[in-house]
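Observations on chain architecture
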Amino acid sequence: MSKIAIIGATGRAGSQLLEEALRRGHSVTAIARNTAKIGERAGVVSKQLDVLDSEALIAAIDGHDVVISAAHFASVPADKLIAPVKAAGVKRLLVVGGAGSLLLPDGTRVIDSDGFPEEYLAEASAGALFLDVLRQEQDLDWTFLSPSAEFVETARTGQFRLGKDHLLFDDAGRSWISFADYAIAMIDEVETPQFSRTRFTVGY
């Protein structure tokens, strides 16, 4: 089993990643600004810190097999994560990505499409930039997992499809994935790496 550090472990994506990792018997360090809601749980060490405090982050992730970041891109730029992960000697960084940088059938990015919601633009733009920085990274074994257009709090089904750079749609033309099923895909990648130094996506 792996020793996994999850940054942003109390958020909607991070909390499901925590549950999925524990379900499979991994050891988890849960990192968040406020870890009170995690409580005392077997297999979990909680670390309450500001991710932008590089020294504190390095100390928290030292000795782990993999770091998974579910932090918001607009708050935590790529260099604020990549440098501490390297300094801690962790070889793998997995990132909860965004759908904005995925491609539509015509080859244009979702974020560049007409009608892309203004309220999501800053975060989506920061996510696209984060991916661009990762693609220049030579040392870390990184993976960026983009959800589908709708990231929703529905049931864990274990039934989904994987893709690479294009937005996935179901038979009804909807692009969506639950946080719980997304977490399955991410922890699968921890256990059986298939997408080293690349981005992939998950959807129904």
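Our subject is the structure listed above.
First, a word on what this report is: a plain description of the structure on this page. (Residues numbered from 1 in each chain as written. Predicted model: local features only at pLDDT ≥ 70, side-chain atom pairs only at ≥ 80, totals over all residues. Heavy atoms only, no water.)

**Thoughts on helix H2 (residues 54-61)**
Using the following cut-off: Exposed residues in this analysis have more than 50% of their type's maximum accessible area, buried residues have under 20%, and partly exposed residues fall in between, with area computed by a 1.4 Å probe over protein chains only. By definition, any uninterrupted DSSP run of H or I lasting at least four residues is a helix, any uninterrupted run of E lasting at least two residues is a strand, and each is numbered from the N terminus. This arc describes the spread of directions from the helix axis toward the C-beta atoms.
Of the residues making up H2, those classed as buried are Leu57, Ile58, Ala60 and Ile61. Here the buried residues of H2 occupy an arc of 165° about the axis, which is enough to place them on one side. Residues Glu55 and Ala59 are exposed on H2 and point more than 90 degrees away from its buried face. Among the residues trailing H2, Gly63 stands out with phi positive, at a value near 85°.

**Topic: the packing of aromatic side chains**
Stated formally: Each Phe, Tyr or Trp ring (for Trp, its six-membered ring) is paired with any other whose centre lies within 6.5 Å, and the angle between the two planes then decides the class: stacked below 30 degrees, edge-to-face above 60, tilted in between.
Inspection of every chain in the model, using the stated rule, returns 6 aromatic pairs. Plain terms: the ring middles of Phe151 and Phe179 are 4.0 Å apart, the flat faces sit at 25° to each other, and that makes the pair stacked. With a gap of 28 residues between them, Phe151 in strand S7 (residues 150-152) and Phe179 in helix H5 (residues 179-191) connect regions that are remote in the sequence. Overall, the relative accessible area of 22% leaves Phe151 in the partly exposed class. The exposure class of Phe179 is buried, given its relative accessible area of 5%. Centre to centre, the rings of Phe195 and Phe200 are 4.0 Å apart; their planes meet at 5°, and the pair counts as stacked. Classification of Phe195 by relative accessible area gives buried; the value is 13%. Residue class for Phe200 comes out buried when judged on its relative accessible area of 1%.

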